[in-house]
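# Structural overview
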Amino acid sequence: MRSAVCVIALGVLLSRVYGFVPVGGGGNTHVTITGDAVMKKIHEVCKAVAESEGREFKPTGSSAEELLRACLGTATGEVSAAKFREALNQIYMQNSMVDRDFMASDRHHFNSETFNEGRALITQGMTAIKANIRSGNFQAARETLGRALHTLQDFYSHSNWVELGNKKPYPNLIRPDLTISNIADVNTPTCSDCASGTCSNPLLPAILNEKKLTSGYMGLFSNNKPQGKCSHGGDADLSSTQNPRGGINKDERKPHNADFHNTAVAIATEATLQLLEDIRGAAGNKDYLRLMGIARSAVLCFVIDTTGSMADDIAEAKRVAHNIIDSKKGTQDEPSEYILVPFNDPKFGPLIRTTNPDVMKAEIAKLDASGGGDIPEMCLSGLQLALTGAPASSQIYVFTDAPAKDTHLEKTIIALIRSTKSTVSFFMTPTKRSTRSVSSEPRSVFQLYYDLALASGGQAIQVSKAELPSATDIIVDTSTSALVTILQRARNPGRVEIFPFLLDASVSNITAYITGDSLRFTLKSPSGVSQSHTVSNGPLAVIQTVGNLRRVHFTSPIETGLWNISVESTASYTIKVMGQSPNTFIYNFVEEFKGPHPGFAVIEGRPQTGLPAKLLLTVTGQKGADSLKVQEVALVEVSGSRVSDGKIQEMGGGDFLVTVSEVPAGEFVVMMKGEEKASSSRFQRQSTTQMSLAKVTIKATVDSTLLPGIAFKLPFTLTTSGTSGTYTITARNDRDYPLNYPSNVNVVSGVSAESSVTLTPPANTASGTDITLTIAAEGPGGDSNYAVVRLSVVAKVTDFTPPVCEIVGVSGICPSDCTQSNWDMAVNITDGNGTGIQSISIQEGRGNFTQKSLVEGGITVVMGNYSASCCSPDVTISIVDKEGNVGKCSYSVEKSGGVSLSLSLSLWACLLLSTLNTLWDVLPLS
């Protein structure tokens, strides 16, 4: 099936028809199929989680935003759907990019009867997804999931499964313990000639009668195909002009194949649900929702220098972390994840990641300030781990009193900041020792940190160690849910300027941060009330000054309308206004690609100079995207005054294609203005990550997972619209695994140059480990660009058989008054000679599960008993082995008007007898 664009609910783009584009144009697409299945499964899992927690699950509407709020529960605080949408878009983007990156690969589309090869992509992908989830690498799992779903869905539109009369998915595609059988061999003719190309079913009667499985041959570069074989069909398929002509694809709904197309869509949707259910069973409900981006949006991520002079800073980080953990517990602002990366010299890491606040407290308590003789530390190495380990769009806080030793990582860090859209703030506490070591002013010592903070939209806060506790309020401000940026500017050198910005009714907890020396500024409200920087507690805000930071916290209630801050300074300064609101946007720069299924793909790295910039932008609001009206989207110079307006094309569902013809030459951010329909309140939002254009582009394509101890070759291509010549290549990965790549590549302007990076993970690498690889290229004149790819290491799997769960007894029938009785179910669980049971969980139901194990002859049988109130009549128990294979027991207790008897003791007796019988069957006779 075709997929072109990479976000939820986009429509037909431009004037010509794009096959299988997302929702909005009225057609069925990879994204609509994936989106329908994903949202249905999320609804199902959210409902199960709510039931297990004893609360109702009642979304206030049908939007994704309202589903998210109901799923997260009733905790106080704002809920933003931005990260939820971002996570789903990662799945959709990778799904659509299969048509670009693997256009000519038969196995990725089940073309040319490559059934075993295509099935291997799906099952290997599922193994990688499960291993990534176990390791907490959710982004890597999402990207693999998108690619695997594309191939799975293509089976139903590219093969003859539908023409054979099937109405249900083919389970063998996602079951590695089963095989694909009855495939037509290469010498077996499969189609009759169709001169018009619009025959409803050109398959030969023998193929239909014998239920032979076949798929169309796709000739992108040649019209050759085996004699008598079906073609895929369509204008791009050269083989469809050769006898037998025509094609059997069901990618688009046309008059001659409407019924087959509709059936293929229905089965592909159900097959997607089945694959998602298998992933859910292996992950468990909570981690499945995290995979789908459903979690509180705040993440607390500290990167901390642990050298001897940092004792006070570590104590302050500990105090702030404890304060956030304790004060925000039970609210939507409570962090969903905690990340800690220590560094000194020469050591850095490891990255510690947990969802348990007590673990975070304990890990910070373990930090010991010691060593550090030569001042510069491995700060950027620690920051690299944080940028690759934290979720996208995270707030990362770096504590240090020394400059970076590993400055060679600067471009890698900037590439990761742009790729992840994360914000990095530095708390710098210079000592006499650190400034004297380089014979310079403190600002010059830490200039790199100022530059990185500016590039990410973060703050570079320079204070004494004594002042540090007063500066860390910014961490409390920004470790929140629904965080939005309203204004962000930088001036170097400084000048007198007035910065206007809109505040709308949805924004709360508004704070402005102004960094710089010798600053004078005035805040002015829409009604004309002013407050000078000299008034610490005035009519508009409370102003706190510490070091080079001015924290301006607006006083509630906030007057809506056009505010401004006028700044007077000849020294460099930055200004940023933030708050909390569910109304925001996410975006990606995209480029058009050609081929049989043309469309748009996310740009890896910086957009290309000389071309209009295109963005796919998704708007999200508390009541859904339909509650907002987008009026302006522009690219805004951060350090200048240029604003380049974009042409907006609404695609439906809160999605927009924005084209900017004249892009600013320097660093820029994305700004959006609009109106909240219900309140008629105008709003303004801005991205934080700075972006710029490049003449050189670099693209790398991930085709498979890595095996421990085995060299992996990743190809990449370079192109430039600028100067021909020798380009310097730099490749780095966050695991510090051995790399081999050319230091230089010769590039001719307008011609693609091919090269590769070879990476070898150690033989003891744990399955599920993800690797973030950054490849950078710099050419004559300093023009540069980068590609950031995520790779997964997955050990070879030998156990493909799922555990067996057998229901051996149920307590009976529940009465009509469910509050008066409980019911019980006994099960036997075994993994035979497999890898062993990894986990047993209640996937659906609100009850208690107890278990006992019996081992004899090397076979373990788990005797389990599930007990629940009759008010929770349904249960699904999920059993996962150590390879991620999933077995299940499901049951729904009957109800009647009678009284249910308690049969727990009888159930245990039945369970024991059944277990003995099971052992008798599986143990060898002596």
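Residues numbered from 1 in each chain as written. Predicted model: local features only at pLDDT ≥ 70, side-chain atom pairs only at ≥ 80, totals over all residues. Heavy atoms only, no water.

Turning next to the overall build of the protein chain. A tally of helices and strands in the protein chain yields 18 helices and 39 strands. Taking 29 Å as the expected radius of gyration for a compact globule of 926 residues, we find that the protein chain reaches 29 Å, a close match to that expectation. Structurally, the protein chain occupies a C-alpha span of about 85 × 70 × 55 Å along its principal axes. When burial is assessed residue by residue, the protein chain has 58% of its 926 residues classed as buried. Nonlocal contacts in the protein chain, meaning residues at least 24 apart in sequence, comprise 73% of its contacts between residues at least 6 apart. When the accessible surface of the protein chain is summed, it comes to about 35,400 Å², and 50% of that surface belongs to carbon and sulfur atoms. Positive and negative side-chain charges of the protein chain, numbering 80 and 89 respectively, have mean locations separated by a distance of 2 Å. (Helix = DSSP H or I, 4+ residues; strand = E, 2+ residues; numbered from the N terminus. Rg over C-alpha atoms; globule rule 2.2 N^0.38 Å. Buried < 20%, exposed > 50% of the residue type's maximum accessible area, 1.4 Å probe, protein only. Contact = heavy atoms within 4.5 Å. Areas by Shrake-Rupley, 256 points an atom, 1.4 Å probe, with all protein chains shown as cover. Lys, Arg positive; Asp, Glu negative; His and termini not counted. Charge placed at Lys NZ, Arg CZ, Asp CG, Glu CD.)

So, about the pattern of salt bridges. Within this structure, the stated rule accounts for 41 salt bridges. Note that Glu662 is salt-bridged to Arg642, the shortest N-O span being 3.5 Å. Linking Glu662 in the loop between strand 22 (655-660) and strand 23 (668-676) with Arg642 in the loop between strand 19 (628-637) and strand 20 (643-645), this pair joins segments that are 20 residues apart in sequence. Residue Arg642 is classed as partly exposed on the basis of its relative accessible area of 33%. Three or more residues joined by partner-sharing salt bridges are found here, namely Lys41, Glu44, Glu277, Arg280 and Lys888. (Salt bridge = Lys/Arg side-chain N within 4 Å of Asp/Glu carboxyl O.)

Glancing now at the packing of helix 5 (residues 138-158) against helix 7 (residues 258-283). The contact between helix 5 and helix 7 brings their axes to 9 Å, and the two run at 145°. Handedness of the crossing formed by helix 5 with helix 7: right-handed. Along its contact with helix 5, which presents Leu145, Leu149, Leu152, Gln153, Tyr156 and Ser157, the element helix 7 presents Ala264, Ile267, Ala268, Ala271, Thr272, Leu275 and Leu276. Grouping the constituent residues of the contact of helix 5 with helix 7 by class yields 10 nonpolar, three polar and no charged. (Axes fitted to C-alpha atoms, helices over the stretch in contact; angles between N-to-C directions. Left-handed = near helix turned anticlockwise from the far one by under 90°. Nonpolar A, V, L, I, M, F, W, Y, C, P; charged D, E, K, R; others polar.)

With that out of the way, let us pick up helix 9 (residues 311-327). Here helix 9 contains 17 residues, and its C-alpha end-to-end distance of 24 Å stays within 8% of the 24 Å for a straight helix at 1.5 Å per residue. Among the residues of helix 9, those classed as buried are Asp313, Ile314, Glu316, Ala317, Val320, Ala321, Ile324 and Ile325. Around the axis of helix 9, the buried residues are gathered within 165° of arc, so they sit on the same side. In this structure, the buried side of helix 9 is in contact with strand 1 (299-305), strand 2 (337-343), helix 10 (357-366), strand 4 (395-400), helix 16 (468-471) and helix 17 (473-478). (Expected span 1.5 Å × (residues − 1). Arc of directions from axis to C-beta.)

According to the stated counting rule, one finds 20 aromatic pairs in the structure shown. Residues Trp823 and Tyr891 carry aromatic rings whose centres are separated by 5.9 Å and whose planes lie at 35° to one another, so their mutual orientation is tilted. Here Tyr891 lies in strand 39 (residues 886-892) and Trp823 lies in strand 34 (residues 822-830), a separation of 68 residues in the sequence. Among the residues examined, Trp823 registers a relative accessible area of 0% and is labelled buried. Ring pairs connect the aromatic residues Phe110, Phe115, Phe155, Tyr156, Trp161 and Tyr170, which therefore count as one cluster. It is Lys421 that lies over the ring of Tyr587; its NZ or CZ is 4.9 Å from the centre. (Phe/Tyr/Trp six-rings, centres within 6.5 Å; stacked < 30°, edge-to-face > 60°. Lys NZ or Arg CZ within 6 Å of the ring centre and 35° of its normal.)

Further remarks concern the side chain of Asn257. Along the chain, the position of Asn257 falls in the loop between helix 6 (205-209) and helix 7. With residues up to four places along the chain from it excluded, the contact list for Asn257 reads Asn249, Lys250 and Glu252.

Right, let's talk about the layout of surface pockets for a bit. Take a probe with the size of a water molecule and roll it over the atoms, and the empty space left behind shows itself. Here the largest pocket defines a volume of roughly 800 Å³. Mapped by element, the contributors of at least two residues to the lining of the largest pocket are helix 12 (410-420), helix 15 (447-456), strand 7 (483-491), strand 9 (508-516), strand 15 (573-580), strand 27 (725-733), strand 31 (769-778) and strand 32 (784-793). Top element by residues in the lining of the largest pocket is helix 15. It accounts for seven residues. For the lining of the largest pocket, the class distribution of residues is 14 nonpolar, 21 polar and 10 charged. (1 Å grid on protein atoms, 1.4 Å probe; cavity = no way out; pocket = protein on both sides within 12 Å on 5 of 7 lines; lining within 4 Å. Points joined across faces, edges and corners; volume = space filled by probe spheres on them.)

Right, let's talk about the sheet that holds strand 8 (residues 497-503) for a bit. One open sheet holds the four strands; their spatial order is 8-14-10-11, and the pairing between them is antiparallel. Every other strand in the sheet has two partners, leaving strand 8 and strand 11 (530-532) as the edge strands with one partner each. On average, adjacent strands in this sheet sit at an angle of 20° to one another, irrespective of strand direction. (Pairing = 2+ DSSP bridges.)

Another aspect to go through is the environment of Lys623. Checked against the element boundaries, Lys623 lands in the loop between strand 18 (613-620) and strand 19. For the pair Lys623 and Arg69, spaced 554 residues apart in sequence, the C-alpha separation works out to 10.0 Å. Sequence-distant contacts of Lys623, that is, excluding residues within four places in its chain, are made with Thr60, Ser63 and Glu66.

This part is about helix 5. In a regular helix each residue adds 1.5 Å, so 21 residues correspond to 30 Å; helix 5 covers 30 Å between its end C-alpha atoms and thus fits that length. Of all 21 residues in helix 5, 21 are buried; the element is thus mostly enclosed.

Put simply, Asp345 and Pro346 share a cis peptide bond, and its omega is 15°. A cis geometry characterises the amide bond from Asn492 onward to Pro493, with omega recorded as 5°. Note on placement: Pro493 falls in the loop between strand 7 and strand 8. At Ser680, a position not held by glycine, the phi torsion is positive, near 55°. Turning to its location among the elements, Ser680 is positioned in the loop between strand 23 and strand 24 (681-686).

Moving on: empty space enclosed by the protein. Tallied over the entire structure, the rule returns 11 cavities of 30 Å³ or more. Within this model, the largest cavity holds a volume of roughly 780 Å³. Taken together, the elements giving at least two residues each to the lining of the largest cavity come down to helix 3 (82-101), helix 5, helix 12, strand 16 (584-593) and strand 32. With seven residues, helix 3 is the largest single contributor of residues to the lining of the largest cavity. Split into classes, the residues belonging to the lining of the largest cavity amount to 17 nonpolar, nine polar and eight charged. Counted as a void, the second largest cavity has a volume near 570 Å³. Lining the second largest cavity are 29 residues, with Ala82, Ser393, Lys421, Leu483 and Thr688 sitting closest to its centre. At the level of secondary structure, the elements contributing two or more residues to the lining of the second largest cavity comprise helix 3, strand 7 and strand 16.

What follows covers the sheet that holds strand 33 (residues 804-810). The sheet built from four strands is open, its strands ordered 33-34-37-36 with antiparallel pairing. On the outer flanks of this sheet lie strand 33 and strand 36 (847-856), each paired with one strand and no other. Along the sheet, successive strands turn relative to each other by an average axial angle of 20°, direction set aside. Relative to strand 37 (residues 859-869), strand 34 runs antiparallel, the two sharing nine bridges. When the sheet's bridge partners are listed, Ile829 is paired in strand 37 with Val862.

Counting buried positions along strand 15 yields seven of eight residues, so the element is predominantly enclosed. Across eight bridges, strand 7 lies against strand 15 in antiparallel orientation. Opposite Leu487, over in strand 15, you have Val577 as the bridge partner. Judged from the seven bridges that link them, strand 9 and strand 15 form a sheet pairing that is antiparallel. By the bridge assignment for strand 15, Ile514 is matched with Ile575.

Before going further, it helps to spend a moment on the side chain of Glu604. When you line up the elements, Glu604 lands in the loop between strand 17 (599-602) and strand 18. At 3.2 Å, the side chain of Glu604 and the backbone nitrogen of Ala700 are in polar contact. (Polar contact = N/O pair within 3.5 Å; in protein donor to acceptor, adjacent residues only side chain to side chain.)

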